[in-house]
Amino acid sequence: MTPRQIIGKIGLWLSVLVIVSPAILFFLWMLSLSLKFEVDNAAYPPVFFPDHIAWKNYADVLASNRFLTYFINSLVVTGSATVLALMVGVPAGYGIARMAAHKSAIVILIARITPGLSYLIPLFLLFQWLGLLGTLVPQIIIHLVVTVPIVIWIMIGYFETTPMELEEAALIDGAGRWQVFRHVALPIAKPGIAVAFILAVIFSWNNFVFGIVLAGRETRTLPVAVYNMISFDQLSWGPLAAAALIVTFPVLLLTVLAQRQIVAGLTAGAVKGG
């Protein structure tokens, strides 16, 4: 290995450390807050490693009467929005990629980068007129505003890099376009679908603004439930940090379990697109 390569590797790892270390530090500090009693959380200088671990913070959050309800609401909203986004986005991405519809791709990109608040007010008025406010239906529908563009944009990029030879062979053998998509394109696109699935889940699960505006008392999702733990009278950092970690854990676990598929999906374009 040459000195230039060694310097390049050192520079790369330093760059990664600078970028990643703040996120790791914040996560570890939140973990520390969740394991401490309020006396330690308010201590100065700050206490990072407590003498006594306050497992009670997690027990109090899990024992909350509505926590299970909010967790189920998040599962329903995120699961429905993700499944519907995949059902719509994967075929749409395939069609846009195969037809080279660049203008449509630009529209999807604009929808992807447009803030969700731009859609919130008109959809809020529509749901109010339909009498759906306070139910899970408007949250599922409005989450599609976030998840569908993500799925379509990822699948466009992935299908553009997949080889056409197998599809052309299937067409020559008499297969229809739908059969080619179902039996040839979809199996090849599994890594890309995995990436789209993970990102759709993350963006939907962590969405806060839509839930706080459209949800009722019984239909709140977990991010809104964590926010509601903040009050002007008393702020308990331990239970709040424990609730935030519990909300983060399912997405973190899903990402760790699917990391191979994510890496394969993100690198497949570079390998196949030669």
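Residues numbered from 1 in each chain as written. Predicted model: local features only at pLDDT ≥ 70, side-chain atom pairs only at ≥ 80, totals over all residues. Heavy atoms only, no water.

Draft legend 1. Highlighting the overall build of the chain. Along the chain, the regular secondary structure elements total 14 helices and zero strands. Order of helices (α) and strands (β) in the chain, N terminus to C terminus: α-α-α-α-α-α-α-α-α-α-α-α-α-α. For the C-alpha atoms alone, the extent of the chain along its principal axes is close to 75 × 70 × 30 Å. Across the 274 residues that make up the chain, the buried fraction comes to 35%. Sequence separation of at least 24 residues holds for 74% of the intrachain contacts in the chain that already meet a minimum separation of 6. Summed over all atoms, the accessible surface of the chain reaches about 16,400 Å², with 72% contributed by carbon and sulfur. Looking at charge distribution, the chain has the averaged site of its 15 positive side-chain charges lying 5 Å from that of its 11 negative ones. (Helix = DSSP H or I, 4+ residues; strand = E, 2+ residues; numbered from the N terminus. Buried < 20%, exposed > 50% of the residue type's maximum accessible area, 1.4 Å probe, protein only. Contact = heavy atoms within 4.5 Å. Areas by Shrake-Rupley, 256 points an atom, 1.4 Å probe, with all protein chains shown as cover. Lys, Arg positive; Asp, Glu negative; His and termini not counted. Charge placed at Lys NZ, Arg CZ, Asp CG, Glu CD.)

Draft legend 2. Broad picture of the UniProt feature "transmembrane region" (unreviewed entry) in the chain. Sites flagged by UniProt as "transmembrane region" (unreviewed entry) map to residues 12-31, 70-94, 106-130, 136-159, 192-215 and 235-257. Helix makes up 100% of residues 70-94 and strand 0%. Its end C-alpha atoms lie 35 Å apart. (UniProt positions renumbered as here; feature names shortened; annotations may be inferred.)

Draft legend 3. Up close: the environment of Leu257. Relative to the elements of secondary structure, Leu257 occurs in helix 13 (residues 237-257). Overall, Leu257 belongs to the exposed group, its relative accessible area being 64%. Sequence separation between Leu257 and Ala43 is 214 residues, and the spatial gap between their C-alpha atoms is 37 Å.

Draft legend 4. Representation of the packing of helix 10 (residues 190-205) against helix 13. In the contact formed by helix 10 and helix 13, the axes pass within 10 Å of each other and the chain directions differ by 175°. The orientation of helix 10 relative to helix 13 falls into the category roughly antiparallel. Residue-level inspection shows Phe197, Ile198, Val201, Ile202 and Trp205 of helix 10 in contact with helix 13, the latter providing Val247, Pro250, Val251, Leu254 and Thr255. (Axes fitted to C-alpha atoms, helices over the stretch in contact; angles between N-to-C directions. Parallel < 35°, antiparallel > 145°, perpendicular 65-115°, else oblique.)

Draft legend 5. Region of the structure containing the confidence of the model for the chain. In this model, the chain carries an average pLDDT of 80, and 92% of its residues clear a pLDDT of 70 or more. Averaged pLDDT values for the elements of the chain fall to 58 in helix 14 (residues 259-272) and rise to 89 in helix 4 (residues 67-99). Low pLDDT, under 50, characterises residues 269-274; the predicted model gives this stretch six contacts beyond four residues in sequence or across chains. (pLDDT = per-residue confidence, 0-100.)

Draft legend 6. Structural context of the packing of aromatic side chains. In total, this model carries four aromatic pairs according to the counting rule given. Ring geometry for Tyr94 against Phe181: centres 5.0 Å apart, planes inclined by 50°, an arrangement best described as tilted. Here the residue Tyr94 occupies a position in helix 4, and Phe181 occupies one in helix 9 (residues 177-188), the gap between them amounting to 87 residues. Look at Tyr94 and you get buried, because its relative accessible area is 5%. Judged by relative accessible area, which is 5%, Phe181 ranks as buried. The interplanar angle of 40° and the centroid separation of 5.4 Å between the aromatic rings of Trp178 and Phe181 together place this pair among those described as tilted. Note that Trp178 and Phe181 are positioned in helix 9 at a spacing of three residues, about one turn of the helix. (Phe/Tyr/Trp six-rings, centres within 6.5 Å; stacked < 30°, edge-to-face > 60°.)

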